[in-house]
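Given next are the chains, with one letter for each unit.
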Amino acid sequence: MAKVKQVGLLAAGCQPWNKDVCAASGDRFAYCATLAIYIYQLDQQYNEFKLRSIMSEHKKTITAISWSPDNPDLFASASADNLLIIWNVAEKKAVARLDNTKGVPVSVSWCWNSADGVAFVSQRGPLCIWDYGGSDPGVTVHKEAHSFLSDICLFRWHPTKKGKLVFGHTDGSLSVFQPGSKSQKHVLRPESLEGTDEEDPVSALEWDLLSADYLLVSNLHNGIRLVDSEGLACITSFCFPSAAASVQCLAWVPSAPGMFITGDSQVGVLRVWNVSRSTPLDSFKLKKTGFHALHVLNSPLTKKAQGSCSPSKSQHTSSTSEAVPPPTLSQNRAFSLPPGHAVCCFMDGGVGLYDMGAKKWDFLRDLGHVETIFDCKFKPDDPNLLATASFDGTIKIWDTNTLTAVYTSPGNEGVVYSLSWAPGDLNCIAGATSRNGAFIWDVRKGKIITRFNEHGKNGIFCISWSHKDSKRIATCSGDGFCIIRTIDGKILHKYKHPAAVFGCDWSQNNKDMIATGCEDKNVRVYYLATSSDQPLKVFTGHLAKVFHVRWSPLREGILCSGSDDGTVRIWDYTQDACINVLSGHTAPVRGLMWNTEVPYLLISGSWDYTIRVWDTRDGTCLDTVYDHGADVYGLTCHQNRPFTMASCSRDSTVRLWSLTPLISPLLLNILTEQPWEKIIGNTDTAMVPGSPPLLCGKVSRDIKQELDKLSGDIRTKKLRWFSECFSPPEGSSNLWDLVFVINGQDDSLLPASYSKGVMHMKHLVKFKTSEAQELTIVKMSKFGGGIGAPSKEERLKEAAEIHLRLGQIQRYCELMVELGQWEKALSVAPGVSMKYWKKLMQRRADQLMAEDNDDAIPYCIATGDIKKLVAFFTSRGQLLEALLIAQGACEGNIRSPQSSSISHTTNDVDNRQQYQSLLHNVCKKLAEWYFQDGCSVLAACCHLAVDNIQLALASLIRGNELELAACVGLVLGEAANQSTAYCLELLARKYMTTPTWELSADLLQMIPDNHVLLAKLCAFYPGSVAEISQLRERCGLPSLDECKTLAEEAVRDGDLFSAVKFHLLSSEPEHALQIGVDFVKEQLSGSDWTVDSVQPILDLMSYIRTDRLILTKLTQARSELLILCGYIGGLLAIRKSYCSIVPALYEYTSQLLKRREVCVPLKIEQLTVELDAWRACTQLNNIPPSESQREEFICLERRILPTEPAALVLSGADYVTGSNLPSHSDLHLSCFTGHRIQGPVFLLEDNKSAISLNDALMWAKVNPFSPLGTGLRINPF
């Protein structure tokens, strides 16, 4: 059950050192960090790019990637460890590997003359061709392309002329080869270099798609030329506006013959050229930092591009990037840019997809780290801000709610090994580097305010700012010293070690105690209050160097250390002893973190790519996490959110995890109103081996103190506060705010962060208006909003946009006038006073919409054409925009201009109702978007915003956020009763296992009308006779013997359901099977049965004790029960729209029918007919279903029609948090589909077969038995 859940991922940026590190094909693009390749794919439904997979098999820097021209699923990648890999993107696996390329490949390209050949070349050549897919895979060497006089930068095959290719060299020359003609080596150097031996490397090479001989060449210093490879002549040299501009990358635009684009290497300027002119046609500044690589997507994207990178993320083009507004062209330069999408990679690691025709970003992933991330820490006074330190020389600060970078440290510091926040709200970070000493960065001022150089040029591996005494900072270094100094640089202590010191940690209980980890395998403890420079204690035991040390925050005198010997040791300072050794990692241990609430939980990260969670009471490993693709260096959590952990790794990603499942019964003890001693305890009680988890930390104590102050009903507050402490970021606080708004809480109590999330519909306009006014008033404050904060113009523009979306047209006009955009102001003005050509405006709007132009928006709003506008935004995937518009309309801010003065109140009321339904639809779509993005909590927020409690809880249940759903449902009360009951029932199923049977009973007792549910629990309970009678007493059910009598009575009265129920509860439950199965078989033999007439009995029978069900004498009855449950499960899956498991359930039922001796009224042929009919009538393919299939499906639909309409609220596939996050090292194939599983995996009882957790949850909701047909129940909840 214990499983750490991945809930967030911060992707790496694109590496700035090798040339061919971005590529695109069809609807996918890829870029390389140092060790991993990130692949994004267009999500057709929402028209946005999503991270699909991360490929990380390379152990050293990736040097080049190349996409196959013939097969969009294949690409090749090469790395510095002489390795070449062919990947299949669709199947997410390596298809072929070439382990020794005899030299590092600097450039890789698919051969145009053989389908399965990949060519690669190292710096001096020769060119090798690897025929990986042929009958005799091997490497051949190109006959002529070798013995070069200058190193190779890159090479390109000609796309149409078979076998022709060109090399670019570091001396600026080219070499051209083509079959049948003399090879030309080292020709066409830039004229200015002729006769000299200066180097000017070729930085880009691309063949002209329309000619056999022309190609574009760019040299680092001598600019761009169009050359003729046949006549060996330069046709055009292109001139730059300034001598300072230099180019690293260029690309042809396939959709516009003769056009190409270039990216400047100093500043992010994209220039557009035509071969017929030597000067650029146009240039755009896209970013402050220079370009590193460019690639134009060959096929234009199938759907028209949308406005922002995604509906919700439109606000988060990170504040550190200068997202420059599109330029307004002067008359003589006004021309249309060629349509096309350019993948742009920048020198700071930023990656974006720029829509050239619409002049806007479709996707911008700003400022990722491009190298190993060594450390990560949450800000002490803000659990939403996370700082990371990297090999790439920067510290970056991320907002964990939006997963975007908000600050980056100025300049490059070399390698940053470690960071430490100043205590409290001081807003400074101390960083430690490999060669440049240590520094303090003042985040608000954006500059380095202090540097410490006491260690000279030696690497500083760890820096730690004391949180008990904010004046002291400790560093430890390769020079063998641990130095304690004050923040102004005065040295207090220098502790000399016999070898390099890698880690230090201040004691959480004693401000004068610090521990260190040293290369001599020892852990030392120093006491600062004495003048001695000798350690107070030295702990020996590790067999290799000690890296990090960490004091326990909850147990005085306990500390742990991680070592290169692969173990973690726990030391007790008071006993002078090692009290536990945690073994399991297969490589050196780096990350270490104690949990701040549960005293025995310790988490470690290692070079074996895993994170392990330990129970330090007995040394067991509770869970191992395999999702990182390389060494795990840093682990951290925030004490206000003790069960959300961040980790960082050499794979350049930061990942967020929820640890809540490790202590899952705790929240339910709160939910079921258990006494405090089952929730909060002292460390001694919690440390008793095998006892259930208890909270012992500051957060839980604070919550209890706050609750003790309250009078009256504290339950809602208790559920909320604990649930927020257990939940990861991404929406849980937002959800609770909405729940309290719906329950009538005063608006003045809402937190400041409320207006940044999903707001309730009644607040949307109010809050957005005040935000717009603020933007209008605020002049630039001294420090602005981070790096590159918006200018006054941008603020006014943003304010205007908000006013406009809210239907406050007049203010919009005023602001537009202030910005000098008269045309817009004038064209909207008639919306204020109606004397205008409405028709003209509508025509203009239609025309602009056809061009997919945002200028259409004001026209539509002024003429009150809400429907058209909502449709316009929705079609472009901009659901948040659509939501604002619909809400503005509902509040009556936007309406059609009246040409006469007659009152139109009745008309207004009709419109208002129409807009209400529009608003609900938009909220539904937005919710679905969040849900598909793996954020079921935010999806629930969208439903609550329009008071749709049923759908909100359905989102949480479908996302398997059962504990949260139950808490929220209980607080919402009456309106949520039905969903809450279902939720409690699923939770009870989750805990129907030792040692939590009683918890399961408590949960069921919270459901009204729970008699049958309690009977199922008691029937399934496998205890001894005494234990059984004890549980029955607790549930108020009759004893074993009474049940036997009651069952016989029920049979006499013809009450079949009760007969089955009491037989199950008697000492011979097998009788229940006979009666029940016979009844279901008899029903199915008739023609007018429905799912609801047989499902309750089947579900009841499925709770027979497992140890009885698997007896040999019950083989036939068991097989029949499994087959019937499988078939009815398939029909229920069709009813609930669980499309991914319908075929699996039908297949499972057919297999059982084939293999087992049974007599049931089901035929395999009939199952096949039903499944085909379902496929033909529901799956979107172009073949219409046949008449017989249509009839078959209508019959199916009649059978599955639910008797209660409420049953349909919960339809739709399950999708748990993290389902969209690619894992790395832990690869499982689903035994349903044979494909790799994305997101969480559920292992079946044989511990081999795997299915996705989503499929497992859906399966368990329609068929309680395992897909392996063993008769065991499946429990994935």
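Residues numbered from 1 in each chain as written. Predicted model: local features only at pLDDT ≥ 70, side-chain atom pairs only at ≥ 80, totals over all residues. Heavy atoms only, no water.

Participant: Help me understand the packing of helix H12 (residues 866-875) against helix H13 (residues 879-890) in this model?
Facilitator: When two helices pack together, you describe them by how their axes are tilted relative to each other and by the distance separating the axes. Remark: H12 packs on H13, axes separated minimally by 8 Å, with the N-to-C direction vectors making an angle of 165°. The angle between H12 and H13 falls in the class roughly antiparallel. Relative to H13, H12 is oriented so that their crossing is left-handed. Listed contacts from H13 to Ile866, Leu869, Val870, Phe873 and Thr874 of H12 are Leu879, Glu881, Ala882, Ile885 and Ala889. Classifying every residue of the contact of H12 with H13 by side-chain character gives eight nonpolar, one polar and one charged. (Axes fitted to C-alpha atoms, helices over the stretch in contact; angles between N-to-C directions. Helix = DSSP H or I, 4+ residues; strand = E, 2+ residues; numbered from the N terminus. Parallel < 35°, antiparallel > 145°, perpendicular 65-115°, else oblique. Left-handed = near helix turned anticlockwise from the far one by under 90°. Contact = heavy atoms within 4.5 Å. Nonpolar A, V, L, I, M, F, W, Y, C, P; charged D, E, K, R; others polar.)

Participant: Sorry if this is basic, but what is going on with a negative patch on the surface here?
Facilitator: A cluster of acidic side chains, namely Glu1048, Glu1049, Asp1053 and Asp1055, defines a negative patch on the protein surface. Secondary-structure assignment places aspartate 1055 in the loop between helix H22 (1040-1053) and helix H23 (1056-1065). Take aspartate 1055: its relative accessible area is 34%, and that puts it in the partly exposed class. (Patch = residues over 30% accessible without salt bridge, like charges linked within 9 Å, V, L, I, M, F, W, Y side chains within 5 Å. Areas by Shrake-Rupley, 256 points an atom, 1.4 Å probe, with all protein chains shown as cover. Salt bridge = Lys/Arg side-chain N within 4 Å of Asp/Glu carboxyl O. Lys, Arg positive; Asp, Glu negative; His and termini not counted. Charge placed at Lys NZ, Arg CZ, Asp CG, Glu CD. Buried < 20%, exposed > 50% of the residue type's maximum accessible area, 1.4 Å probe, protein only.)

Participant: How should the environment of lysine 924 be read in this particular structure?
Facilitator: By the element assignment, lysine 924 lies in helix H14 (residues 905-932). It is 9.4 Å that separates the C-alpha atoms of lysine 924 and valine 946, two residues lying 22 residues apart in sequence. Beyond its immediate stretch of four places on either side in the chain, lysine 924 contacts His943 and Leu951.

Participant: What exactly am I supposed to notice about the pairing of strand E32 (residues 395-399) here?
Facilitator: Along any regular strand the residues' side chains alternate between the sheet's two faces. Extensive coverage of E32 is indicated by the burial of five of its five residues. Inspection of the sheet shows strand E31 (residues 382-390) paired to E32 by five bridges, in the antiparallel sense. In the sheet register, alanine 387 faces E32, and the bridge partner there is isoleucine 397. Between E32 and strand E33 (residues 404-408), which pair antiparallel in sequence order, lie four residues; one of them, leucine 403, sits at a positive phi of approximately 55°. (Pairing = 2+ DSSP bridges.)

Participant: Would you mind going over the side chain of lysine 164 with me for this structure?
Facilitator: In this structure, lysine 164 sits in the loop between strand E14 (152-157) and strand E15 (165-169). For lysine 164, a relative accessible area of 0% translates into the label buried. A distance of 2.9 Å separates the side chain of lysine 164 from the side chain of aspartate 213, its partner in a polar contact. Apart from residues no more than four positions distant in its own chain, lysine 164 is found in contact with Arg156, Trp157, His158, Val176, Phe177, Gln178, Pro179, Trp207, Ala212, Asp213, Ser229 and Glu230. (Polar contact = N/O pair within 3.5 Å; in protein donor to acceptor, adjacent residues only side chain to side chain.)

Participant: Got a minute to help me understand the pattern of salt bridges in this structure?
Facilitator: When the charged atoms of two side chains with opposite charge come close together, those side chains can pair. On inspection of all chains with the given rule, the structure shows 47 salt bridges. One salt bridge in this structure joins glutamate 413 and arginine 451, with 3.0 Å as the shortest N-O distance. Of this pair, glutamate 413 sits in the loop between E33 and strand E34 (416-421) while arginine 451 sits in strand E37 (residues 447-452); the two residues are 38 residues apart in sequence, bridging distant segments of the chain. Accessibility expressed as a relative area gives 5% for glutamate 413, which makes it buried. A salt bridge links arginine 720 to glutamate 724; its shortest N-O distance comes to 3.4 Å. Taken together, the residues arginine 720 and glutamate 724, both in helix H4 (residues 715-726) and four residues apart, mark about one turn of the helix. An identical accessibility class is assigned to arginine 720 and glutamate 724; each is buried. Look at the salt bridges and you will find they share partners, linking Asp469, Arg472, Lys511 and Asp512 into a network.

Participant: In this structure, what is going on with the packing of aromatic side chains? I would like to understand it.
Facilitator: Counting across every chain of the model gives 43 aromatic pairs. Ring geometry for tyrosine 31 and tyrosine 40: centres 6.0 Å apart, planes at 20°, overall stacked. For the residue pair tyrosine 31 and tyrosine 40, the accessibility class agrees, reading buried in each case. Between tyrosine 1148 and tryptophan 1259 the ring centres are 5.1 Å apart and the planes differ by 80°, which places this aromatic pair in the edge-to-face class. With tyrosine 1148 in helix H28 (residues 1142-1155) and tryptophan 1259 in helix H31 (residues 1253-1262), this pair connects stretches of sequence that are 111 residues apart. A relative accessible area of 0% places tryptophan 1259 in the buried class. Among the aromatic side chains, those forming a connected cluster through ring pairs are Phe374, Phe391, Tyr417, Phe461, Phe502, Phe547 and Tyr633. Above the face of the tryptophan 607 ring, arginine 590 is positioned so that its terminal group lies 4.6 Å from the ring centre. Its end group placed over the ring of phenylalanine 1020, arginine 1273 keeps NZ or CZ at 5.3 Å from the ring centre. (Phe/Tyr/Trp six-rings, centres within 6.5 Å; stacked < 30°, edge-to-face > 60°. Lys NZ or Arg CZ within 6 Å of the ring centre and 35° of its normal.)

Participant: What exactly am I supposed to notice about the pairing of strand E24 (residues 268-274) here?
Facilitator: Counting buried positions over the seven residues of E24 gives seven, a clear majority of the element. What you see with E24 is no split at all: Gly268, Leu270, Val272 and Asn274 on one side and Val269, Arg271 and Trp273 on the other are buried throughout. Between strand E23 (residues 259-264) and E24, which follow one another and run antiparallel, lie three residues. Pairing of E24 with strand E25 (residues 282-287) involves five bridges; the strand directions are antiparallel. Considered in E25, the bridge of valine 272 is made with aspartate 282.

Participant: It is not clear to me how helix H17 (residues 962-972) should be interpreted in this structure. Could you clarify?
Facilitator: The element H17 is extensively covered by neighbouring structure, given that 10 of its 11 residues are classed as buried. Here H17 has its buried residues at Leu962, Glu963, Leu964, Ala965, Ala966, Cys967, Val968, Gly969, Val971 and Leu972. Buried positions along H17 lie against helix H1 (665-671), H4, helix H5 (732-742), helix H15 (936-945), helix H16 (949-958) and helix H18 (977-990). Backbone geometry just after H17 places glycine 973 at a positive phi near 70°.

Participant: Please clarify how the sheet that holds strand E9 (residues 93-98) should be interpreted in this entry.
Facilitator: The strands making up a sheet associate through hydrogen bonds between their backbones, and the pairing can be parallel or antiparallel. Taken together, the four strands give an open sheet; going across it, the order is E6-E7-E8-E9, and neighbouring strands pair in antiparallel fashion. Looking along the sheet, the strands with just one partner apiece sit at the ends: strand E6 (62-67) and E9. Across the sheet, the mean angle from the axis of one strand to that of its neighbour is 20°, orientation sign disregarded. One ladder, built from six bridges, connects strand E7 (residues 74-79) with strand E8 (residues 83-88); its direction is antiparallel.

Participant: I tried to follow the packing of helix H20 (residues 1011-1020) against H23 on my own but got confused; where do I start?
Facilitator: The N-to-C vectors of H20 and H23 enclose an angle of 35°; their axes lie 8 Å apart at closest approach. Where H20 crosses over H23, the handedness of that crossing is left-handed. Contact residues: His1011, Val1012, Ala1015, Cys1018 and Ala1019 in H20; Phe1057, Lys1061, Leu1064 and Leu1065 in H23. Looking at the contact of H20 with H23, its residues break down into seven nonpolar, one polar and one charged.

Participant: Sorry if this is basic, but what is going on with helix H7 (residues 792-805) here?
Facilitator: Three or four residues apart is the spacing at which side chains of an α-helix point the same way, because the helix has 3.6 residues per turn. The end-to-end C-alpha distance of H7, which contains 14 residues, comes to 20 Å, matching closely the 20 Å that a straight helix rising 1.5 Å per residue would cover. Within H7 the residues assigned to the buried category are Arg795, Leu796, Ala799, Ala800, Ile802, His803, Leu804 and Arg805. Looking one or two places after H7, you find glycine 807, whose phi comes out positive at around 80°. (Expected span 1.5 Å × (residues − 1).)

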